[in-house]
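As a plain string of letters, each chain reads:
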Amino acid sequence: MDTQDPNKTQLMGGASGASGDETVYMPASGAPAPAPRSAAMTSRLRDLPTTELPPRAAQTTVLPDSASTTVAPAPAAAPTPDGIDVLGDPYASPVDLGDLTTARRPVDLESPVKSTKKKGLPIWGVVLAIVLVLAAMGAGAWYTYEHEYWGGHTVPLVVGLDQQTATERLEAAGFKVTVVEATADDGIGTVLACDPEPGKRAETKGGATITVAVARTIPQVTDQPMEDAQQALLAAGAVNIHIQPVNSDAAAGTVVSVEPAEGTEFKSTDEITLSVATPYVVPSVVGKNVDEAKAAIEKAGLTAHVNFVKSEKPHDEVIETSPEAGTQASEGDTVELQVSSPYPDDVEALAQYFSCTSSEVAKYMEDEKYTLTYGSTFSNGDAHAVYTGAGGNMITFTANPEVGSYAGNKTDDVLAAGAPISGVRYVYAPGAAPQGALSESADGVRAVMNACGFTGLKETCTASDLEGLGYTADGRHFICAFGEDWQSSWAVLIGGPEGQTNVVAMAFLKSRYSGAVDLSQFGNSPAKLIAYANLYDASVVSQKGGSSNAE
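Read on for an overview of the structure. (Residues numbered from 1 in each chain as written. Predicted model: local features only at pLDDT ≥ 70, side-chain atom pairs only at ≥ 80, totals over all residues. Heavy atoms only, no water.)

Each helix and strand in the protein chain was counted, giving 12 helices and 26 strands. Considering the protein chain as a whole, with its 551 residues, one finds that 33% of them fall into the buried category. A fraction of 66% describes how many contacts in the protein chain between residues 6 or more apart in sequence connect residues 24 or more apart. In the form shown here, the protein chain has an accessible surface area of approximately 31,200 Å², with 52% of it arising from carbon and sulfur atoms. (Helix = DSSP H or I, 4+ residues; strand = E, 2+ residues; numbered from the N terminus. Buried < 20%, exposed > 50% of the residue type's maximum accessible area, 1.4 Å probe, protein only. Contact = heavy atoms within 4.5 Å. Areas by Shrake-Rupley, 256 points an atom, 1.4 Å probe, with all protein chains shown as cover.)

Structural data, given as structure tokens:
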């Protein structure tokens, strides 16, 4: 039978003979010893089954505010005594079997182990507090964000505003403004775009860039190669570029001018004309009318000088140029034009006046130094103009070329005004007649015909022929010839009243004697009528062309 220390109290134990260490509670020094078990309890305990407990490692627990307590394994025990041994154990307490079957209220014992946790809010309270704090923080963040205390500022709506107003609004919102320009056709001076995008939030430290519309202007393109000038205009927004070659002494292919001028505002659809230098070259004008040729020469930057020459070509047609077409020249160089003359080959070439215009005849008279002595029109509008040459020769454009009278002092330039020419009369001054023309004979007539270019002689008459018709000569003497060629009718009269010999040449439209003048009293002879009208009575033909509007 083991002897136990009276200061030890058994907490857990088993029947005698159980293997393993016995765990004992070591009370602090001075603690009262437990009461000894009764014999009955000891006997009952012997009969209980034994339970082996696993060995425990020694451990030491320090409890706050209390004496140190050591829980240690008991020393190895001898074999557990059986029930008989227990009966003989002076410390065994008898077991009351009734106690084992009766439920008893557990005894609350204060645990010698104290908890270190302090009492506080329950978990749900902590969670609620956290939620409230987070909500307050969120509300504060939202408020300060909405009032733009952080997170940038809202970019003002500035597109479409003028530059100054847009700048003021952006600066008021805290943005430093940078302005860039973009050419446009419309909305000049207004904002086309803004970066950052208006209406959105942005950090002000990055500033804002506005694009402002400015007008397109013609760039500097003169003296540049045509290709470079085109690229400059395209870059400026032009889409309608016209190239116009112009003769110039500048380097070929360079721009000599631009329309509109440089610096002028324009819209992209406006036509821009680039005048590009080309060398001065004599254009091809042979075969053209003289007026068309002169225009082409002047357009090429050259000067035309017209030389009229006799030619079988139509009047006013260019026959030749000097220099030849294609020859390179300099600005203002003269090009000689050889032109088929629109004028008579000579002042005496009377039939050729019908191939000229009235204004050309007026110019020809001026060139030949003939002075307008009288100028008017007949009642039918035909010209009645008298010109006198420096040598005294006189040429009259008249509807009644058989007679040379006129009255009044009018000097209207009716030919220059375009009055039609229906007849021409030429009177040689004394001493100015062609050689041999003073002979009142066939030879004299031929001399005048040659001088005037007449052909196709048909008849002649003399004073005796008129006497045969009953008209007394009274000292008159003459030879009168009449003929027709391919373009007109003509007449030559050599003679005059007694003591005078005049040489007169006339040209008529072929229609002159086609029935309008009564030739019956002159034996149907134009020559006799012409001689009679000149030397006897002018009234016989004066009504043919109508009366002159002389004053």
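Our focus in this paragraph is the nonpolar core. Within the largest apolar cluster, 37 residues are counted, with the highest numbers of intra-cluster contacts made by Leu350, Tyr353, Met365, Ile395, Phe397 and Leu415. Looking at this core, the elements that each hand over two or more residues are helix H8 (358–367), strand S20 (383–388), strand S21 (394–397), strand S22 (423–427), helix H9 (442–452), strand S24 (477–484), strand S25 (489–496) and strand S26 (502–508). No other element matches H9, which puts 5 residues into this core. Other than its neighbours up to four places away in sequence, leucine 415 contacts Ser358, Ser359, Val361, Ala362, Ala383, Ala385, Tyr387, Phe397 and Ile421. Residues Leu519, Phe522, Tyr532 and Val541 belong to the second largest nonpolar core, which totals 27 residues. (Core = buried A, V, L, I, M, F, W, Y, C linked by side-chain atoms within 4.5 Å.)

Quick look at the sheet that holds strand S11 (residues 255–259) now. With mixed pairing, 3 strands are arranged side by side in an open sheet as S10-S13-S11. Two strands lie at the open edges of the sheet, namely strand S10 (240–247) and S11, each paired on one side alone. Here the average twist between neighbouring strands, direction ignored, is 20°. Where S11 lies against strand S13 (residues 271–278), 4 bridges are found, and the strand directions are antiparallel. Among the inter-strand pairings, serine 257 is bridged to a residue of S13, identified as serine 275. (Pairing = 2+ DSSP bridges. Axes fitted to C-alpha atoms, helices over the stretch in contact; angles between N-to-C directions.)

We describe a pair of aromatic rings using the distance from one ring centre to the other and the angle between the two ring planes. One pass over the structure, following the stated rule, counts 14 aromatic pairs. With 4.9 Å between their ring centres and 80° between their planes, tyrosine 426 and tyrosine 428 make a pair best called edge-to-face. Assigned by exposure class, tyrosine 426 and tyrosine 428 land together as buried. Between phenylalanine 454 and tryptophan 490, the aromatic rings sit 4.8 Å apart at their centres with planes inclined by 10°, giving stacked as the arrangement. Of this pair, phenylalanine 454 sits in the loop between H9 and strand S23 (457–462) while tryptophan 490 sits in strand S25, and the two are 36 residues apart along the sequence. For the pair phenylalanine 454 and tryptophan 490, a shared accessibility class is recorded, and that class is buried. An aromatic cluster is built from Phe308, Tyr343, Tyr353, Tyr364, Tyr387 and Phe397, whose rings are joined through pairwise contacts. (Phe/Tyr/Trp six-rings, centres within 6.5 Å; stacked < 30°, edge-to-face > 60°.)

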